[in-house]
Amino acid sequence: MELTGTLKQAVLWEPLGGKRVHCRLCSFHCRIADGKLGHCSVRKNVDGKLYSLNYGKVVAGNPDPIEKKPLFHFLPGSRSFSIAAVGCNFRCEFCQNWQISQAALETGRIEGEPLSCEQIVEVAIRTGCKSIAYTYTEPTIFMELAEECGRQAKEQGLANVFVSNGYMTREAIDFAADWLDGINVDLKAFSDTYYRGLCAARLQPVLDCITYIAKHTRIWMEITTLLLPGQNDSEEELKKLAGFLVSEAGPDVPWHISRFYPQYKYAESEATPLETMRRAEEIGKAAGLRYVYLGNVPGEKSENTYCGSCGRMLIERMGYRIVANRIKDSKCPHCGTQMAGF
């Protein structure tokens, strides 16, 4: 398949013999022959050098509530200017943004508006956003654009956040660590069979990514798990997942349990039963997680933030909208407990 796009020399790669290159951006560690594409379909070896084909091609740009990422403990109530470029290194059969994430693979085309980083930062400021979110598709695969925007955003007082599938290498995490402030990582399941069958990926690199971010960076992290009925929602698997989060990311890491609605190749599946969502929440809390949220279920009390010590409601939400925020100086006003992330 031949793809065209704006050529920008890629970051995080090394030459191999015979004009082959090794991409070190994500855990697929693609070894790419001359003229060929990486697994993401947006990085190409051209005469022994690796180039990004989606640089400067912004396929989405919108001011969103930061809660939509979802990030509940990072600048709550603020807006984040959310951008994306075409492409993804996963093949999730239930992807809600498949029209753009899988476009390069399925259509052989890389669309997008040629926005500069200066324009993106300017629009973010003009629309009253406090951060820029690299989201909708996997931000790792447009790292060149994200880095340039991220550094300029920091200079203008904006924060930067990723919404990621967690397949970044340690090198990629370190590369972003001085300008990336927050991240939501999708821990899609706690089964390698699930990852291989539904995402064309593996579980262990995601676990390694979460552990590394938690233990070796200052990046604020929250975790999301989309529950697919009959696929990743067994009590045994959820207990293992929650236990991993407590031991490796810590009890203060927020866990967002998201309700599935039929999408893409899973259009005939049922939505996640609310009973399954509530049981997963119980499992998370029993494992020791202090902040467990239910997503895609507007009106549920588990959208709210409660103090991890005294249990008082501190932030009341309705969907992505904050109704009330009672946190004072990043602490619970009732018992004085420092709130994680604030």
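In case you missed it, the structure is sitting above this.
Residues numbered from 1 in each chain as written. Predicted model: local features only at pLDDT ≥ 70, side-chain atom pairs only at ≥ 80, totals over all residues. Heavy atoms only, no water.

Colleague: Hey, could you run me through the overall build of the protein chain in this one?
Modeller: Along its length, the protein chain carries 9 helices and 17 strands. Once the C-alpha set of the protein chain is aligned to its principal axes, its extents read approximately 65 × 45 × 35 Å. When the 342 residues of the protein chain are sorted by exposure, 54% land in the buried category. Considering only residue pairs separated by 6 or more positions, the protein chain has 65% of its internal contacts joining residues 24 or more positions apart. (Helix = DSSP H or I, 4+ residues; strand = E, 2+ residues; numbered from the N terminus. Buried < 20%, exposed > 50% of the residue type's maximum accessible area, 1.4 Å probe, protein only. Contact = heavy atoms within 4.5 Å.)

Colleague: Explain the sheet that holds strand E6 (residues 49-52) to me, please; I cannot follow it from the model alone.
Modeller: On the basis of which strands lie adjacent, the open sheet formed by 3 strands has the order E1-E6-E5 and antiparallel pairing. Two strands close off the open sheet at either side, each with one partner strand: strand E1 (8-9) and strand E5 (43-46). Relative to E6, E5 runs antiparallel, the two being bridged by 4 bridges. Bridge pairing in E6 links lysine 44 to tyrosine 51. (Pairing = 2+ DSSP bridges.)

Colleague: Any chance you could explain the side chain of threonine 127 here in plain terms?
Modeller: Examined against the element boundaries, threonine 127 turns out to sit in the loop between helix H3 (117-126) and strand E9 (131-134). A distance of 3.2 Å separates a polar side-chain atom of threonine 127 from the backbone oxygen of alanine 124. Among all residues touching threonine 127, those that are not within four sequence positions of it are Pro63, Arg79 and Phe81. (Polar contact = N/O pair within 3.5 Å; in protein donor to acceptor, adjacent residues only side chain to side chain.)

Colleague: Help me understand helix H6 (residues 192-199), please; the structure alone is not making it clear to me.
Modeller: Each α-helix turn comprises 3.6 residues. Residues three or four places apart therefore point the same way. Where H6 is concerned, the buried positions are Tyr194, Tyr195, Leu198 and Cys199. Projected down its long axis, H6 shows its buried positions confined to an angular sector of 100 degrees, all on one face. Looking at the buried positions of H6, the neighbouring elements they touch are strand E11 (182-186) and helix H7 (204-216). Between the side-chain oxygen at the start of H6 and the backbone nitrogen of threonine 193 there is a gap of 3.2 Å, and the oxygen is on serine 191. Just downstream of H6, alanine 200 is the residue with a positive phi angle, here 55 degrees. (Arc of directions from axis to C-beta.)

Colleague: Hey, could you run me through the pattern of salt bridges in this one?
Modeller: Under the defined criterion, the tally for this structure stands at 24 salt bridges. Close ionic contact of lysine 19 with aspartate 47 constitutes a salt bridge, the shortest N to O distance being 2.4 Å. With a gap of 28 residues between them, lysine 19 in the loop between strand E2 (13-15) and strand E3 (21-23) and aspartate 47 in the loop between E5 and E6 connect regions that are remote in the sequence. Taking the shortest distance from any N to any O, the salt bridge between aspartate 252 and arginine 290 comes out at 2.7 Å. Of this pair, aspartate 252 sits in the loop between helix H8 (235-249) and strand E13 (255-259) while arginine 290 is found in the loop between helix H9 (274-287) and strand E14 (292-295), placing the two residues 38 residues apart along the sequence. Taking the relative accessible area as the measure of exposure, arginine 290 reaches 42% and is therefore partly exposed. Bridged by salt links that share partners, the residues Glu235, Lys239, Arg279 and Glu282 form one connected network. (Salt bridge = Lys/Arg side-chain N within 4 Å of Asp/Glu carboxyl O.)

Colleague: What is the right way to look at the packing of aromatic side chains in this model?
Modeller: Each aromatic ring pair is described using two quantities: the centre-to-centre distance and the angle formed by the ring planes. One pass over the full model with this rule turns up 10 aromatic pairs. When the centroid spacing of 5.7 Å and the interplanar angle of 45 degrees are considered together, the rings of phenylalanine 190 and phenylalanine 244 count as tilted. Of this pair, phenylalanine 190 sits in the loop between E11 and H6 while phenylalanine 244 sits in helix H8, and the two are 54 residues apart along the sequence. For the pair tyrosine 194 and tyrosine 195, a centre-to-centre distance of 6.2 Å together with 70 degrees between the ring planes defines the contact as edge-to-face. The buried category is assigned to tyrosine 194, whose relative accessible area is 4%. (Phe/Tyr/Trp six-rings, centres within 6.5 Å; stacked < 30°, edge-to-face > 60°.)

Colleague: Got a minute to help me understand the nonpolar core in this structure?
Modeller: With 90 residues, the main nonpolar core has Leu187, Tyr195 and Trp255 as its most contacted residues. Ranked by residues supplied to this core, first place goes to H7 with 6 residues. Setting aside its immediate chain neighbours within four residues, tryptophan 255 contacts Ile223, Thr225, Leu238, Leu241, Ala242, Leu245, Ala280, Gly284, Leu289, Tyr291, Val292 and Tyr293. Counting 17 residues, the second-largest nonpolar core is a separate cluster that includes Phe72, Phe74, Tyr291 and Ala340. (Core = buried A, V, L, I, M, F, W, Y, C linked by side-chain atoms within 4.5 Å.)

Colleague: I tried to follow unusual backbone geometry on my own but got confused; where do I start?
Modeller: A negative phi holds for most residues other than glycine; trans holds for most peptide bonds. For the bond running from lysine 69 to proline 70, omega is -10 degrees, close enough to zero to count as cis. The backbone of lysine 19 shows a phi angle near 65 degrees, a positive value even though the residue is not glycine. Taking relative accessible area as the criterion, lysine 19 reaches 44% and is therefore assigned partly exposed. Phi is positive for serine 41, close to 70 degrees, though the residue is something other than glycine. The topology assignment puts serine 41 in the loop between strand E4 (31-32) and E5. Serine 41 gets classed as buried once you look at its relative accessible area, which sits at 4%.

Colleague: Mind showing me how you'd approach the sheet that holds strand E7 (residues 60-65) here?
Modeller: Note: strands within a sheet are paired through backbone hydrogen bonds, in either parallel or antiparallel orientation. Here 8 strands make up an open sheet; going across it, the order is E7-E8-E9-E10-E11-E12-E13-E14 and the pairing mixed. Pairing within the sheet leaves two strands with one partner each, and these edge strands are E7 and E14. If you compare each strand with its neighbour and ignore which way they point, the axes differ by 20 degrees on average. Alignment of E13 against E14, held across 4 bridges, turns out to be parallel. Among the inter-strand pairings, histidine 256 is bridged to a residue of E14, identified as tyrosine 293. On top of the sheet, H3 reaches strand E8 (79-84) and E9; it is set at about 150 degrees to E8, its chief contact. (Axes fitted to C-alpha atoms, helices over the stretch in contact; angles between N-to-C directions.)

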